[in-house]
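Below, each chain spelled out in residue letters.
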Amino acid sequence: MLVLFTMFIFSLTLSFSPGPVNMVIISSGAVHGFRKTFSFVSGATIGFTLLLIFICFGFYAAIEKYPVFFRYLNIAGSLFIMYLGYKIASSRSDMSLTKTDSPGFIQGFVMQWINPKAWTACASGAAMFSEPSTPVTALVFITVYFLVCYMSLSAWALMGEKVSVLLRSTRQLRTFNVLMGGLLLITACYMLFLAF
């Protein structure tokens with residue numbers, strides 16, 4: 001029971017803490033609403049879960065052997081997240097136009113595979129909750145993480161939708177987009193700094 005609780009806390013802390021995916025979700029939730037953002041949430045959750053399976057069942061050993069892989073991933077992921085931050089910060093603030101291009105399932109899925117935070121969470125989770133002698137612990141951990149991740153990312157989308165009530169003018173929406181994009185850029189710069 002203590003192991004399950006530890007898995008839950010670990011998953012909740014890493015899923016709910018602010019990161020690149022969460023910033024995109026809250027921004028999309030504010031502009032497009034929960035229903036249109038849910039596709040991105042689903043893609044991000046499933047993408048993360050498959051990454052966790054991939055790392056738990058084999059790739060973790062390769063990461064330990066070649067730590068330089070993490071550095072290159074961090075650089076590539078940071079650059080992509082900078083691009084996303086720029087796109088959000090510079091997006092048009094005309095509410096009628098922004099309603100049409102909400103991020104979808106594929107973007108959420110792919111973003112997790114190039115997100116350094118996701119790789120770090122998966123690798124540290126695999127180190128804590130994988131046992132070479134039996135796959136059961138890892139399978140339980142993956143299931144717990146999947147459920148917690150879905151709930152956490154959905155909560156970010158709901159928060160974004162609630163924030164949209166405050167965004168009643170084009171100027172307020174523009175300010176929100178700049179703030180969210182700026183936070184993504186700062187996050188990406190910090191991750192890039194850690195890579196060197």
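The shown structure was predicted, so the numbers you read here are calculated from the model rather than taken from an experiment.

Parameters and conventions
Residues take numbers from 1 onward in each chain, read along the sequence in its written order. Local features in a predicted model are, by the rule used here, given only for residues with pLDDT of at least 70; side-chain atom pairs are given and counted only at 80 or more, and totals for whole chains, interfaces and linings are based on all residues. With hydrogens and water stripped out, all remaining heavy atoms of the structure feed into the side-chain values. Helix and strand assignments come from DSSP, with helices taken as H or I runs of at least 4 residues and strands as E runs of at least 2, each series counted from the N terminus. Only protein chains enter the accessibility calculation, which uses a 1.4 Å probe. A residue is then buried if its area is under 20% of the maximum for its type, exposed if over 50%, and partly exposed in between. By definition in these notes, contact holds between two residues if any of their heavy atoms fall within 4.5 Å. Using the Shrake-Rupley algorithm and a 1.4 Å probe, accessible areas are obtained, with residue cover drawn only from the displayed protein chains. Residue-level confidence of the predictor is summarised by pLDDT, bounded by 0 at the bottom and 100 at the top. A helix is expected to reach a length of 1.5 Å times the quantity of its residues less one. As used in this structure description, the phrase polar contact means that two N or O atoms lie within 3.5 Å; if the pair is within protein, one of them must be able to donate a hydrogen and the other to accept it, and residues adjacent in sequence are counted only when both atoms belong to side chains. Note on method: axes are straight lines fitted to C-alpha atoms, helices fitted across the in-contact stretch only, with angles between N-to-C directions ranging 0 to 180 degrees. Note on terminology: angles under 35 degrees are roughly parallel, angles over 145 are roughly antiparallel, angles of 65 to 115 are roughly perpendicular, and the others are oblique. Less than a right angle of anticlockwise turn of the near helix away from the far helix marks a crossing as left-handed, whereas a clockwise turn marks it as right-handed. When residues are sorted by character, Ala, Val, Leu, Ile, Met, Phe, Trp, Tyr, Cys and Pro go into the nonpolar class, Asp, Glu, Lys and Arg into the charged class, and all the rest, Gly among them, into the polar class. Two aromatic rings, drawn from Phe, Tyr or Trp (for Trp, its six-membered ring), form a pair once their centres lie within 6.5 Å of each other, and the interplanar angle then sorts them: stacked below 30 degrees, edge-to-face above 60, tilted otherwise. The definition of a nonpolar core used throughout is a set of buried Ala, Val, Leu, Ile, Met, Phe, Trp, Tyr and Cys residues joined through side-chain atoms within 4.5 Å.

## Regarding the overall build of the protein
A count of helices and strands for the protein gives nine helices and zero strands. Reading the secondary structure of the protein in the N-to-C direction produces α-α-α-α-α-α-α-α-α. With 196 residues in all, the protein has 43% of them scored as buried. Of the contacts formed within the protein by residues at least 6 apart in sequence, a portion of 90% connects residues at least 24 apart. In the form shown here, the protein has an accessible surface area of approximately 10200 Å², with 73% of it arising from carbon and sulfur atoms.

## A short note on the confidence of the model for the protein
Caution is warranted with low-pLDDT regions, since their predicted coordinates should not be read in detail. For the protein, per-residue confidence averages 83 on the pLDDT scale, and 89% of positions sit at 70 or higher. Confidence over residues 95-99 falls short of pLDDT 50; this stretch has 13 contacts with residues more than four positions distant or in other chains.

## Let's talk about the environment of I106
Inspection of the secondary structure assignment puts I106 in helix 6 (residues 105-113). Sequence separation between I106 and A44 is 62 residues; the distance between their C-alpha atoms is 8.3 Å.

## Here's the deal with helix 7 (residues 116-129)
Taking 1.5 Å per residue, 14 residues should reach 20 Å; helix 7 reaches 20 Å between its end C-alpha atoms and fits that length. Taken together, the buried positions of helix 7 are occupied by P116, A118, W119, A121, C122, A123, G125, A126 and F129. Among the residues of helix 7, the N-terminal cap falls to N115, whose side-chain oxygen and the backbone nitrogen of K117 are separated by 3.0 Å.

## Description of the packing of helix 7 against helix 8 (residues 136-163)
Contact pair helix 7 / helix 8: the axes reach a minimum separation of 9 Å and the direction vectors enclose 140°. Considered as vectors, helix 7 and helix 8 are oriented oblique to each other. Judged by the sense of rotation from one axis to the other, the crossing of helix 7 with helix 8 is right-handed. Residues A121, G125, A126 and F129 of helix 7 pack against T137, A138, F141 and Y145 of helix 8. Each residue belonging to the contact of helix 7 with helix 8 can be placed in one class, and the counts come to six nonpolar, two polar and no charged.

## Focus: the packing of aromatic side chains
In total, this model carries 14 aromatic pairs according to the counting rule given. Look at F54 and W113: their rings are 5.6 Å apart centre to centre, the planes differ by 45°, and that puts the pair in the tilted class. Of the two residues, F54 is situated in helix 3 (residues 34-65) and W113 in helix 6; the sequence distance between them amounts to 59 residues. A residue is classified by how much of its surface remains accessible, and W113, at 25% relative accessible area, is partly exposed. One aromatic cluster in this structure is built from F10, F48, F129, F141 and Y145.

## Thoughts on the nonpolar core
In summary, soluble globular proteins display a tendency toward joint burial of nonpolar side chains. Within the largest apolar cluster, 41 residues are counted, with the highest numbers of intra-cluster contacts made by I25, F48, L52 and Y145. When residues in this core are grouped by element, the largest group, ten residues, is from helix 8. Here F48 is in contact with Q112, A118, A121, C122, Y145 and C149, once residues within four sequence places are set aside.

## Examining the environment of F146
Within the fold, F146 resides in helix 8. F146 gets classed as partly exposed once you look at its relative accessible area, which sits at 28%. In this structure, the C-alpha to C-alpha distance between F146 and L52, residues 94 residues apart in sequence, is 9.4 Å. Once you skip the residues sitting within four places of it in the chain, F146 turns out to touch T45, I46 and T49.

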